[in-house]
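Secondary and tertiary structure notes
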Amino acid sequence: MQNVIVGLGEILWDLLPSGKVLGGAPANFAYHAQELGGCSVVVSCVGNDELGREIISSLENLDMTSELLSVDKVHPTGVVSVTINKEMKPSYRIQEEVAWDYIPDTPLLRQLASKSDAVCFGTVAQRLHLSRMTIQTFLRLMEHDSIRVFDINLRQNFYSYEVIKTSLDMANVLKLNVNELSVVKKILRLKGNEKKILNELSRKYSLRLIALTKGIEGSILYSEGKISQHEGYRVEMGDTVGAGDAFVAALVTGLLRGYELDDLNNKANRVASYICSKHGATPSLTNEIRQLFI
């Protein structure tokens, strides 16, 4: 039986130099989790406009359900302007007051929460009250032993102490990169070196796993005092859009299947490096990569 895996938050169009592609961290995560064998659901909201209809069609073309995509008749479908620097790293300009800021809490959504095995959520979709309350209600309704990943994804000024603290309280897995760790360290007034901070976060918020990604230098996984370090894989770069989301999808898939920490870290880096070799967040994975998770 397939695990039910949910990407909860923003879905949008990334306006890349090469054209528009489906995006939003939770949506990217859900797509890759499905590519790795899960039964994925995107929970979000689109506008009653052509871009929204194109998102629904795109999900269906990817063999993903659009049943949990609400349609907002007032606010437009979200778009993000993406620029890529010479290191192939993206910068984002995120449109405000869009449909995914207004994800409604529905009976269907509450039913999904109670039967979900894993969810990934972040800070961006919690920037306004309605979506923030919907996300937090969903998390409260999940089973205690389900996987609740807080992929912090700090963007522009769309985060606060309150959102970060509450999200950490509701999560049991944290994913962040080195830049985000420095922000979290400052906001939560943490002291010490990297290992000490990870230990403190793990202890204070009862996190079963913390994933710290380091770009081309790989990643660190920290779980109950155990550390796994991976140096990453070298690839010819396309861009890094969506690599972190694919990394989280691999983590969740591995956690649900009981992989050991080093194996989990290796496979997550394999998936993320493959995404970095392509353009856009949702290229199809190769059979070779899919076989790693069978």
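An account of the accompanying structure is given in this report. This structure is a prediction, so every number in the text was calculated from the model and none was measured.

**Observations regarding the overall build of the protein chain**
Looking only at helices and strands, the protein chain features 10 helices and 13 strands. Relative to the 2.2 N^0.38 estimate, which gives 19 Å for 294 residues, the radius of gyration of the protein chain is 17 Å and therefore close to what a compact globule would have. When its C-alpha atoms are laid out on the principal axes, the protein chain stretches across 50 × 40 × 40 Å. Put simply, of all contacts in the protein chain between residues at least 6 apart along the chain, 69% involve residues at least 24 apart. Of the roughly 13300 Å² that the protein chain leaves accessible, carbon and sulfur atoms contribute 48%. Between the averaged position of the 32 positive side-chain charges in the protein chain and that of its 34 negative side-chain charges there is a distance of 7 Å.

**What about the nonpolar core?**
Formed by 51 residues in total, the largest nonpolar core has its most connected members in Val-6, Val-43, Leu-112, Phe-138, Leu-168 and Leu-201. Look past the residues within four positions of Leu-201 in its chain and what remains in contact with it is Leu-168, Leu-174, Leu-181, Val-184, Leu-188, Leu-190, Ser-206, Leu-207 and Ile-210. Counting 33 residues, the second-largest nonpolar core is a separate cluster that includes Phe-29, Cys-120, Phe-247 and Leu-255.

**Concerning the pairing of strand 1 (residues 4-8)**
For strand 1, the buried fraction is high: five of the five residues fall into the buried class. Residues Val-4, Val-6 and Leu-8 point to one face of strand 1 and Ile-5 and Gly-7 to the other, with burial holding for every one of them. In this structure, strand 1 lies alongside strand 4 (residues 39-47), joined through five bridges in parallel fashion. Following the sheet pairing, Gly-7 is matched in strand 4 by Val-42. Where strand 1 meets strand 8 (residues 118-121), three bridges bridge the pair, whose relative direction is parallel. Bridge assignment links Ile-5 to a residue of strand 8, and that residue is Ala-118.

**Some details on empty space enclosed by the protein**
A full pass over the atoms with the stated rule returns two cavities of 30 Å³ or more. Computed from the structure, the largest cavity encloses a volume of approximately 40 Å³. Every residue along the wall of the largest cavity is listed here: Glu-10, Ala-25, Pro-26, Cys-120, Phe-121, Gly-122, Thr-123, Val-124, Asp-151 and Asn-153. Of all the secondary-structure elements, those providing two or more residues to the lining of the largest cavity are helix 1 (25-35) and strand 8. Lining the second largest cavity, in full, are Leu-22, Ala-27, Asn-28, Tyr-31, Val-42, Leu-59, Leu-62, Met-64 and Thr-282. If you tally residues by element for the lining of the second largest cavity, the top one is helix 1, at three residues. When grouped by side-chain class, the residues that make up the lining of the second largest cavity number seven nonpolar, two polar and no charged.

**Considering helix 5 (residues 161-170)**
For helix 5, the set of buried residues is Val-163, Ile-164, Ser-167, Leu-168 and Met-170. Buried residues along helix 5 cover an arc of 165° about the axis, so they all sit on one side. Here the buried face of helix 5 lies against strand 8, helix 4 (129-141), strand 9 (147-151), strand 10 (173-177), helix 6 (178-187) and helix 7 (194-204).

**Examining the sheet that holds strand 6 (residues 78-84)**
Taken in spatial order, the four strands make up an open sheet running 3-2-6-7, and their pairing is mixed. A single partner strand is all that each edge strand has here, and the edge strands are strand 3 (19-23) and strand 7 (90-94). With strand direction ignored, the average angle separating the axes of adjacent strands in the sheet is 30°. Alignment of strand 6 against strand 7, held across five bridges, turns out to be antiparallel. Each residue of the ladder has a partner; that of Val-80, found in strand 7, is Ile-94.

**Quick look at the packing of helix 8 (residues 243-256) against helix 9 (residues 261-276)**
The geometry of helix 8 relative to helix 9 is characterised by a closest axis approach of 8 Å and an angle of 150° between their N-to-C directions. Comparing their axes, helix 9 and helix 8 come out roughly antiparallel. Remark: the crossing between helix 8 and helix 9 carries right-handed chirality. Contacts between helix 8 and helix 9 pair Ala-243, Ala-246, Phe-247, Ala-250, Leu-251, Gly-254 and Leu-255 from the former with Leu-264, Asn-265, Lys-267, Ala-268, Asn-269, Val-271, Ala-272, Ile-275 and Cys-276 from the latter. Residue composition of the contact of helix 8 with helix 9, grouped by class: 12 nonpolar, three polar and one charged.

Each value, and the rule that gives it
Residues numbered from 1 in each chain as written. Predicted model: local features only at pLDDT ≥ 70, side-chain atom pairs only at ≥ 80, totals over all residues. Heavy atoms only, no water. Helix = DSSP H or I, 4+ residues; strand = E, 2+ residues; numbered from the N terminus. Rg over C-alpha atoms; globule rule 2.2 N^0.38 Å. Contact = heavy atoms within 4.5 Å. Areas by Shrake-Rupley, 256 points an atom, 1.4 Å probe, with all protein chains shown as cover. Lys, Arg positive; Asp, Glu negative; His and termini not counted. Charge placed at Lys NZ, Arg CZ, Asp CG, Glu CD. Core = buried A, V, L, I, M, F, W, Y, C linked by side-chain atoms within 4.5 Å. Buried < 20%, exposed > 50% of the residue type's maximum accessible area, 1.4 Å probe, protein only. Pairing = 2+ DSSP bridges. 1 Å grid on protein atoms, 1.4 Å probe; cavity = no way out; pocket = protein on both sides within 12 Å on 5 of 7 lines; lining within 4 Å. Points joined across faces, edges and corners; volume = space filled by probe spheres on them. Nonpolar A, V, L, I, M, F, W, Y, C, P; charged D, E, K, R; others polar. Arc of directions from axis to C-beta. Axes fitted to C-alpha atoms, helices over the stretch in contact; angles between N-to-C directions. Parallel < 35°, antiparallel > 145°, perpendicular 65-115°, else oblique. Left-handed = near helix turned anticlockwise from the far one by under 90°.

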